[in-house]
Amino acid sequence: MSEMGDDFAALRKMSQDKRALNREQSPKILERAGLLFMAHNNGAHLVVEGENEIADFWPGTGKWIIRVTQQDGRGVRNLIKALS
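The rules behind these values
Residues numbered from 1 in each chain as written. Predicted model: local features only at pLDDT ≥ 70, side-chain atom pairs only at ≥ 80, totals over all residues. Heavy atoms only, no water. Buried < 20%, exposed > 50% of the residue type's maximum accessible area, 1.4 Å probe, protein only. Helix = DSSP H or I, 4+ residues; strand = E, 2+ residues; numbered from the N terminus. Arc of directions from axis to C-beta. Contact = heavy atoms within 4.5 Å. Core = buried A, V, L, I, M, F, W, Y, C linked by side-chain atoms within 4.5 Å. Pairing = 2+ DSSP bridges.

> Quick question: what am I supposed to make of helix H2 (residues 76-83) here?
The periodicity of an α-helix, 3.6 residues per turn, causes residues three or four positions apart to be oriented the same way. Every buried residue belonging to H2 is among Val76, Leu79, Ile80, Ala82 and Leu83, and all of these are buried. Each buried residue of H2 lies within a common arc of 165° when the element is viewed along its axis, so the set occupies one face. Facing away from the buried side of H2, by more than 90 degrees, are the exposed residues Arg77 and Lys81. Tucked into the core, H2 has its buried residues touching helix H1 (3-32), strand S2 (45-49), strand S3 (54-58) and strand S4 (63-66).

What follows is the structure in structure tokens.
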């Protein structure tokens, strides 16, 4: 494989590892914040219940969307703020 190919392979591996870590850590952060959630697709999609709202959250990418208002964003901490 060429040097550029090796670089892209390494970058892809780093990205996959980061998404896997996000899928592992995000539920723990949500639990510490006191938010209830239901996991789907082996944790790839979480349905998170806030005080008055429900959000769909994909912890691998950090993407979230509040169902009723369609407010969206990225990051588990930003999701916690939006649901509080």
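Let's pick the thread back up.
> What am I meant to see in the environment of isoleucine 66 here?
Looking at the secondary structure, you find isoleucine 66 in strand S4. Residue class for isoleucine 66 comes out buried when judged on its relative accessible area of 0%. In this structure, the C-alpha to C-alpha distance between isoleucine 66 and serine 2, residues 64 residues apart in sequence, is 44 Å. Apart from residues lying up to four places away in sequence, isoleucine 66 is in contact with Glu53, Ile54, Ala55, Gln71, Ala82 and Leu83.

> Which parts of the structure should I look at to understand the side chain of serine 26?
Residue position: serine 26 is located in helix H1. Not counting residues within four places of it along the chain, the set of residues in contact with serine 26 comprises Phe57, Pro59 and Val76.

> Mind showing me how you'd approach the nonpolar core here?
In this structure, Leu30, Val48, Phe57, Leu79 and Leu83 are the most contacted members of the largest nonpolar core, which totals 14 residues. Listed by contribution, the elements that provide at least two residues to this core are H1, S2, S3, S4 and H2. Per-element tally for this core: the top contributor is H2, with five residues. Not counting chain neighbours up to four residues away, the residues in contact with leucine 83 comprise Leu35, Val48, Gly50, Glu51, Glu53, Ala55 and Ile66.

> Can you walk me through the pairing of S4 in this structure?
Along a regular strand, successive side chains alternate from one face of the sheet to the other. Alternating residues of S4 divide into Trp64 and Ile66, all buried, and Lys63 and Ile65, none buried. Sheet topology places S3 next to S4; four bridges connect them, and they run antiparallel. Paired with phenylalanine 57 across the two strands is tryptophan 64, which belongs to S4. Hairpin geometry of S3 and S4 is characterised by an intervening segment of four residues between the two adjacent antiparallel strands and by a positive phi of about 85° at glycine 62. Bridging between S4 and strand S5 (residues 72-74) involves three bridges; their strand directions are antiparallel. Paired with tryptophan 64 across the two strands is glycine 73, which belongs to S5.

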